[in-house]
Amino acid sequence: MRTDLRRLVVATVLALVVAAPLAAQPDGWTRPFPGHRVIGNLYAVGTYDLAVFLVTSDEGHFLINTGLEDSTALIRENIESLGFRLEDVRVLLQMQAHWDHTAALAEIKEMTGAEMWATAGDAPVLEDGGFSDPHFGGRESFPPVEVDRIIADGEVLELGDARLTVMESPGHTEGSSSYLMTVEENGREYRVAIANMGTINPGKRLVVDPTYPGVADDFAETFRRQKALEVDVWVAAHGGQYGLHDKFERGQAYHPDTFVDPDGFLAAVERLENLYLEQLAEERR
Ligand SMILES: [Zn+2]
């Protein structure tokens, strides 16, 4: 028994040591993952870790985010596996103008003729392919995509019978945004947040030589509003952020309660807010 335990420990440690350099690579960004229904007319059609969402309506669909530049085929496969068509996407949205979420927008726009809608903060970065990104900029990091309409906080986006309310969540990028919707399933109303979380990329500065003016206040306001948000179901831009793989396994049957997790949302926001406060203290030291 003891020997077995020791072997297990050794094997685990070895596995961790071997896996560590790999874990630094974004393997989950490109690894396929089955498309699945989150709740109501909200579907997840992204990769293992890069979340892409399809919000369907009777007059075409919203597509929120893409993955990397070569993610279109995977997204299409996932959409078709759910009985929908990429060609029926009418409106493209995104949550944060970073290449891991935006690199296939231009291609999908070209393929579908969909309009790109974005916040004033992220639109310029989308249009110059990340060149003007205050943190990762100075070079093009994804194919530029033309923005057709500027959307703003509190605005209700309408497409057929689908409705999404824009909730700006700046900090991670200047124009980061979340989208809120209400879904009725089995006679119950669910408040759903497609939430952009306030993560701070390594090297970003908040108050001393800030990455962009006002970034610290943006994060503070985002955390304040997200903590006050009443949420039943939540998802985010990375599967790992919302516990996708703890909540859902390949082949799992649809149930509207699968992603119900109000406490998890609050805990996730508070965890990120604490990291933010630690960094503020660190910079002011
Ligand atoms: Zn990002």
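The rules behind these values
Residues numbered from 1 in each chain as written. Predicted model: local features only at pLDDT ≥ 70, side-chain atom pairs only at ≥ 80, totals over all residues. Heavy atoms only, no water. Pairing = 2+ DSSP bridges. Helix = DSSP H or I, 4+ residues; strand = E, 2+ residues; numbered from the N terminus. Axes fitted to C-alpha atoms, helices over the stretch in contact; angles between N-to-C directions. 1 Å grid on protein atoms, 1.4 Å probe; cavity = no way out; pocket = protein on both sides within 12 Å on 5 of 7 lines; lining within 4 Å. Points joined across faces, edges and corners; volume = space filled by probe spheres on them. Nonpolar A, V, L, I, M, F, W, Y, C, P; charged D, E, K, R; others polar. Donors = N, O, S within 2.8 Å, 3.2 Å for Na, K, Ca; no water. Buried < 20%, exposed > 50% of the residue type's maximum accessible area, 1.4 Å probe, protein only. Polar contact = N/O pair within 3.5 Å; in protein donor to acceptor, adjacent residues only side chain to side chain. Contact = heavy atoms within 4.5 Å.

Trainee: Run through the sheet that holds strand β5 (residues 89-93), naming residues and quoting values.
Mentor: Spatially, β1-β2-β3-β4-β5-β6-β7 is the arrangement adopted by the seven strands of the open sheet, whose pairing is mixed. A strand with exactly one partner marks an edge of an open sheet, and here the two such strands are β1 (36-39) and β7 (149-151). Strand-to-strand, the axes of this sheet are offset by a mean angle of 30 degrees, without reference to chain direction. Two elements, β5 and strand β6 (residues 115-119), share two bridges in a ladder whose sense is parallel. In the sheet register, Leu-92 faces β6, and the bridge partner there is Met-116.

Trainee: Give a description of empty space enclosed by the protein that names residues and reports values.
Mentor: A complete count under the given rule lists three cavities of 30 Å³ or more for this structure. Size it by volume and the largest cavity reaches roughly 80 Å³. Broken down by class, the residue content of the lining of the largest cavity amounts to four nonpolar, five polar and four charged. Put simply, the second largest cavity is a space of about 60 Å³. Lining of the second largest cavity is provided by 16 residues; of these, Ala-44, Gly-46, Thr-47, Tyr-242 and Leu-244 occupy positions nearest its centre. The residue inventory of the lining of the second largest cavity, partitioned by class, reads eleven nonpolar, four polar and one charged.

Trainee: Before we move on, can you summarise the coordination of the zinc ion with the specific residues and values?
Mentor: Looking at the zinc ion, the protein donor atoms are Gln-96 (OE1), His-98 (ND1) and His-172 (NE2), and they sit 1.9 to 2.2 Å from it. Motif for the zinc ion, donor spacing along one chain: Q-x1-H-x73-H. Each member of the pair, Gln-96 together with His-98, is buried.

Trainee: Lay out the side chain of Ser-57 in plain terms, naming residues and giving numbers.
Mentor: When you line up the elements, Ser-57 lands in the loop between β3 (53-55) and β4 (61-64). Judged by relative accessible area, Ser-57 falls into the buried class, the value being 11%. At a separation of 3.2 Å, a polar atom in the side chain of Ser-57 contacts the main-chain carbonyl oxygen of Leu-159. Setting aside residues up to four positions removed in sequence, Ser-57 forms contacts with Leu-159, Gly-160, Asp-161 and Ala-162.

Trainee: Describe the sheet that holds strand β9 (residues 162-168), listing the residues and the values that go with them.
Mentor: Spatially, five strands are ordered β8-β9-β10-β11-β12 in an open sheet, and the strand pairing comes out mixed. Only two strands of the sheet have a single partner each, and these edge strands are β8 (156-159) and β12 (233-236). Taken pair by pair, the neighbouring strands of this sheet meet at an average axis angle of 25 degrees, ignoring direction. Taken together, the four bridges between β9 and strand β10 (residues 177-185) define a ladder with antiparallel strand orientation. Across the sheet, Glu-168 pairs through a bridge with Ser-177, a residue of β10.

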